[in-house]
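Per-entry structural report
Here is what each chain is made of, one letter per residue.
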Amino acid sequence: MSELYIRVAEDENEEPMEIPSEDDGTVLLSSVAAQFPGACGLRYRNPESQCMRGVRLMEGVLHAPENDWGNLVYVVNYPKDNKRKMEEIDAASAVKIKRGFQKTSDLIVLGLPWKTTEQDLKDYFTTFGEVIMVQVKRDAKTGNSKGFGFVRFTEYETQTKVIAQRHMIDGRWCDCKLPNSKVHVACPDEPMRSRKIFVGRCTEDMTTDELRQYFMQYGEVTDVFIPKPFRAFAFVTFADDQVAQALCGEDLIIKGVSVHISNAEPKHNNIHQLFPNFPGGSASLAAMFDRSQYQFPSSHV
DNA sequence: GTTGAGCGTT
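- If you look chain A up in an unreviewed UniProt entry, it shows as TAR DNA-binding protein 43 from Dicentrarchus labrax.

Next up, the structure:
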């Protein structure tokens, strides 16, 4: 109750980082994840038993043991396996890469300050890994930045890391994403397993932040979408499709309400809704789309 | 000479 900050580290022997607590003495999982992307909880060594203990987590809120965080160093938990760290998860996905041989692709960098140059971008992103291309998109006439650009890394691991976090560049928070044109091109012949879940029976008081905080315990959340006006459901997207698939069919309790998790259906399931003038039947078209790398514009797949 | 969600002239 007394501390404004609690000390958190990836490992007991590593340099701890101070994480702010809330007014009621709790700590938001999102506060931890802001410094340790992908974190799903905390643990600590109980001074009496010398055993590791989990910190109580309810709906994205971490509660102090014995109502007092004390002076302990708390250790970050990562999804799937408490002993497994983010690097090891990345290593696991590196196995997939070997199999499917995933190349790196250009990443779009959104939210750049107007003044940021390509040299600035290169200097910043080189701190993550070797950079092979940077671009700042500019108006052809004036030369003014359009506020976004592109970056390409040599290592796929670097790309994964960069996408997973936000970036403070010249005083503004920026996001790096796979460009729309490249989404799902990375693994063309893999069957599409959605990273997005449908959350049914939502109540109107559930906010995107609350849903994000809740679902973070299962894995890294990359997007939360609540249709407006209220329609009693939401979409949550995870970084890992396995996390999304594992939750399907579950009934989960959020803010005391039972919500139902199922697969997110594509928003558009009729080709002719997208291309009303396209000749011929839809069967061959559908087959074509199954094999294509096309992503439905602004849909929730 | 302004701006702030988005998606790439060469």
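**Things to note about the state of the cysteines**
- A complete count under the given rule lists 0 disulfides for this structure.
- Here Cys-176 is not disulfide-linked; the sulfur of Cys-174 is the nearest cysteine sulfur, at 7.4 Å.

**Some thoughts on the protein's contact with DNA strand B**
- Around DNA strand B, the structure places 18 residues, and the nearest of them are Asp-106, Leu-112, Gly-147, Phe-148 and Asn-180.
- Each atom of DNA strand B within 4 Å of the protein was classed as base or backbone; sugar and phosphate made up 16%.
- In the environment of DNA strand B, a base nitrogen lies 2.6 Å from a nitrogen or oxygen atom belonging to the backbone of Leu-112.
- Between DNA strand B and the protein, one listed contact pairs a base nitrogen with a backbone N or O atom of Lys-146 at 3.2 Å.
- Considering only residue class, the surface near DNA strand B consists of 8 nonpolar, 5 polar and 5 charged.

**Focus on the sheet that holds strand β8 (residues 73-77)**
- In space, the 5 strands of this open sheet follow the order β2-β1-β8-β4-β5, with mixed pairing throughout. Each end of this open sheet is capped by a strand with a single partner; those strands are β2 (17-20) and β5 (52-54). When the angles between neighbouring strand axes are averaged without regard to direction, this sheet yields 45°.
- Pairing of strand β4 (residues 41-45) with β5 involves 3 bridges; the strand directions are antiparallel. When the sheet's bridge partners are listed, Tyr-44 is paired in β5 with Arg-53.

**Here's the deal with the layout of surface pockets**
- Counted as a void, the second largest pocket has a volume near 180 Å³.
- Looking at the second largest pocket, the residues that line it are Tyr-44, Asn-46, Pro-47, Glu-48, Arg-53, Pro-65, Glu-66, Asp-68, Trp-69, Gly-70 and Leu-72.
- The residue inventory of the lining of the second largest pocket, partitioned by class, reads 5 nonpolar, 2 polar and 4 charged.

**Examining the sheet that holds strand β11 (residues 145-153)**
- Read from one edge of the open sheet, 5 strands run β10-β11-β9-β13-β12, paired in antiparallel fashion. Looking along the sheet, the strands with just one partner apiece sit at the ends: β10 (131-138) and β12 (167-169). Shown here is a sheet whose adjacent strand axes are inclined to one another by a mean of 30°, direction ignored.
- Pairing between β12 and strand β13 (residues 172-177): 3 bridges, direction antiparallel. Residue pairing for β13: Ile-169 is matched across the bridge by Arg-172.
- Against the sheet, helix α3 (residues 118-125) contacts β9 (107-110), β10, β11, β12 and β13, and its axis sits at roughly 145° relative to β10.

**Overview of the side chain of Thr-237**
- Its place among the elements puts Thr-237 in strand β16 (residues 233-238).
- Thr-237 gets classed as buried once you look at its relative accessible area, which sits at 7%.
- Residues in contact with Thr-237, not counting those within four places in the same chain, are Arg-195, Lys-196, Glu-220, Val-221, Thr-222 and Asp-223.

**Notes on the packing of aromatic side chains**
- In total, this model carries 14 aromatic pairs according to the counting rule given.
- Chaining the aromatic ring pairs together yields one cluster made of Tyr-124, Phe-125, Phe-128 and Phe-153.
- Over the ring of Phe-235 we find Lys-196, and its NZ or CZ is 5.7 Å from the ring centre.

**Details of helix α4 (residues 156-163)**
- Looking only at α4, the buried set comprises Tyr-156, Thr-158, Gln-159 and Val-162. Buried residues along α4 cover an arc of 155° about the axis, so they all sit on one side.

**Topic: unusual backbone geometry**
- For the bond running from Lys-228 to Pro-229, omega is 0°, close enough to zero to count as cis.
- Summarising the element assignment, Pro-229 is placed in the loop between β15 (221-225) and β16.
- For Glu-59, which is not glycine, the phi dihedral falls at a positive 50°.
- Looking at the element boundaries, Glu-59 is found in the loop between β6 (56-58) and β7 (61-63).
- On the accessibility criterion, Glu-59 (29% relative accessible area) is partly exposed.
- Its identity is not glycine, yet Glu-66 carries a phi of approximately 55°, on the positive side.

**Points about the pairing of strand β18 (residues 257-263)**
- Direction of pairing for strand β14 (residues 196-200) relative to β18: antiparallel, over a ladder of 4 bridges. Across the sheet, the residue bridging to Gly-200 is His-260, located in β18.

Each value, and the rule that gives it
Residues numbered from 1 in each chain as written. Chains lettered and ligands numbered in written order. Predicted model: local features only at pLDDT ≥ 70, side-chain atom pairs only at ≥ 80, totals over all residues. Heavy atoms only, no water. Disulfide = S-S within 2.5 Å. Near = heavy atom within 4 Å. Polar contact = N/O pair within 3.5 Å; in protein donor to acceptor, adjacent residues only side chain to side chain. Nonpolar A, V, L, I, M, F, W, Y, C, P; charged D, E, K, R; others polar. Pairing = 2+ DSSP bridges. Helix = DSSP H or I, 4+ residues; strand = E, 2+ residues; numbered from the N terminus. Axes fitted to C-alpha atoms, helices over the stretch in contact; angles between N-to-C directions. 1 Å grid on protein atoms, 1.4 Å probe; cavity = no way out; pocket = protein on both sides within 12 Å on 5 of 7 lines; lining within 4 Å. Points joined across faces, edges and corners; volume = space filled by probe spheres on them. Contact = heavy atoms within 4.5 Å. Buried < 20%, exposed > 50% of the residue type's maximum accessible area, 1.4 Å probe, protein only. Phe/Tyr/Trp six-rings, centres within 6.5 Å; stacked < 30°, edge-to-face > 60°. Lys NZ or Arg CZ within 6 Å of the ring centre and 35° of its normal. Arc of directions from axis to C-beta.

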